[in-house]
Amino acid sequence: MNYPFGIDISAYQYSADGKQKPDFKRINDNCKFIAVRAGISWGYTDKWFSYSWGQITIPRMAYHVIYPEENAISQMQHFLNIVRPTATDRLVLDMELDHGQGKAKITDTLIQCLEYVKAQTGRYPIVYSRASWINQFVDVSQLPDVDWWLAHY
């Protein structure tokens, strides 16, 4: 089975002084998609998101790291204040952190995030994680029908 090749970018792919940047021409020419970190929780915005987002000419996704113990609505309002998705852009919730929270709390936070984004944009975001993490921390039976992006490493 062939899977489309894509990469994700965040401030970690830029030098501290911003002089070294990803080669977006090469990325656009060789990848099928790119995911760009927009932010984390309710207060952090990736300082290179806007620049990166504007350089992409291929299908693009914006991802946001969720803190399960923080207010879901505040996190999604922050995410949507960073990203103004077009009809072809996809939003992604990065679910990899438990911060000591249990399955019920993490599942509830994820559901609130999913429903808020759908209410605001008309579609559910993709959920990104690892299958082993999801199995341990999320009650999938409670989730709506969403698209998954599962890492395998």
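Up top you'll find the structure we're talking about.
(A) View of unusual backbone geometry. Despite not being glycine, Ser 41 has its phi angle at roughly 50 degrees, a positive value. Mapped onto the fold, Ser 41 is located in the loop between β2 (33-40) and β3 (44-45). We classify Ser 41 as buried; its relative accessible area is 5%. Notably, His 99 is not glycine yet its phi reads approximately 45 degrees, a positive angle. One can find His 99 in the loop between β5 (90-94) and α4 (103-121).

(B) Region of the structure containing the pattern of salt bridges. The tally for this structure, following the rule as stated, stands at five salt bridges. Measuring nitrogen to oxygen at the nearest pair gives 2.8 Å for the salt bridge that ties Asp 46 to Arg 37. Arg 37 sits in the buried class, given a relative accessible area of 8%. Arg 90 serves as the salt-bridge partner of Asp 147, at 3.1 Å between the closest nitrogen and oxygen. Here Arg 90 lies in strand β5 and Asp 147 lies in the loop between α5 (131-137) and β7 (148-151), a separation of 57 residues in the sequence. Judged by its relative accessible area of 41%, Asp 147 falls in the partly exposed class.

(C) Examining the packing of aromatic side chains more closely. Summed over all chains, the structure comprises eight aromatic pairs. Both rings, one in Tyr 14 and one in Trp 48, keep their centres 4.2 Å apart while their planes meet at 5 degrees; by these two values the pair is stacked. Of the two residues, Tyr 14 sits in the loop between β1 (6-9) and α1 (24-30) while Trp 48 sits in the loop between β3 and α2 (49-55), which places them 34 residues apart along the sequence. Owing to a relative accessible area of 7%, Tyr 14 belongs among the buried residues under this scheme. Put simply, the rings of Tyr 14, Phe 24, Trp 48 and Tyr 51 pair up and form one aromatic cluster. The ring of Tyr 51 has Lys 21 sitting right over it, with the charged end atom 5.7 Å from the ring centre.

(D) Representation of the side chain of Gln 75 within the structure. Along the chain, Gln 75 turns up in helix α3 (residues 72-82). In this structure, Gln 75 is in contact with Ser 41, Trp 42, His 64, Val 65, Ile 66, Tyr 67, Glu 70 and Thr 109, ignoring residues within four places of it in sequence.

(E) Up close: the side chain of Asp 46. One can find Asp 46 in the loop between β3 and α2. With a relative accessible area of 2%, Asp 46 lands in the buried category. Among the polar contacts made by the side chain of Asp 46, one reaches the side chain of Arg 37 at a distance of 2.8 Å. A polar contact of 2.9 Å, which involves the side chain of Asp 46, links it to the backbone nitrogen of Trp 48. Apart from the residues lying within four places of it in its own chain, the contact partners of Asp 46 are Ser 10, Ala 11, Arg 37, Ala 38 and Gly 39.

What counts, and at which threshold
Residues numbered from 1 in each chain as written. Predicted model: local features only at pLDDT ≥ 70, side-chain atom pairs only at ≥ 80, totals over all residues. Heavy atoms only, no water. Helix = DSSP H or I, 4+ residues; strand = E, 2+ residues; numbered from the N terminus. Buried < 20%, exposed > 50% of the residue type's maximum accessible area, 1.4 Å probe, protein only. Salt bridge = Lys/Arg side-chain N within 4 Å of Asp/Glu carboxyl O. Phe/Tyr/Trp six-rings, centres within 6.5 Å; stacked < 30°, edge-to-face > 60°. Lys NZ or Arg CZ within 6 Å of the ring centre and 35° of its normal. Contact = heavy atoms within 4.5 Å. Polar contact = N/O pair within 3.5 Å; in protein donor to acceptor, adjacent residues only side chain to side chain.

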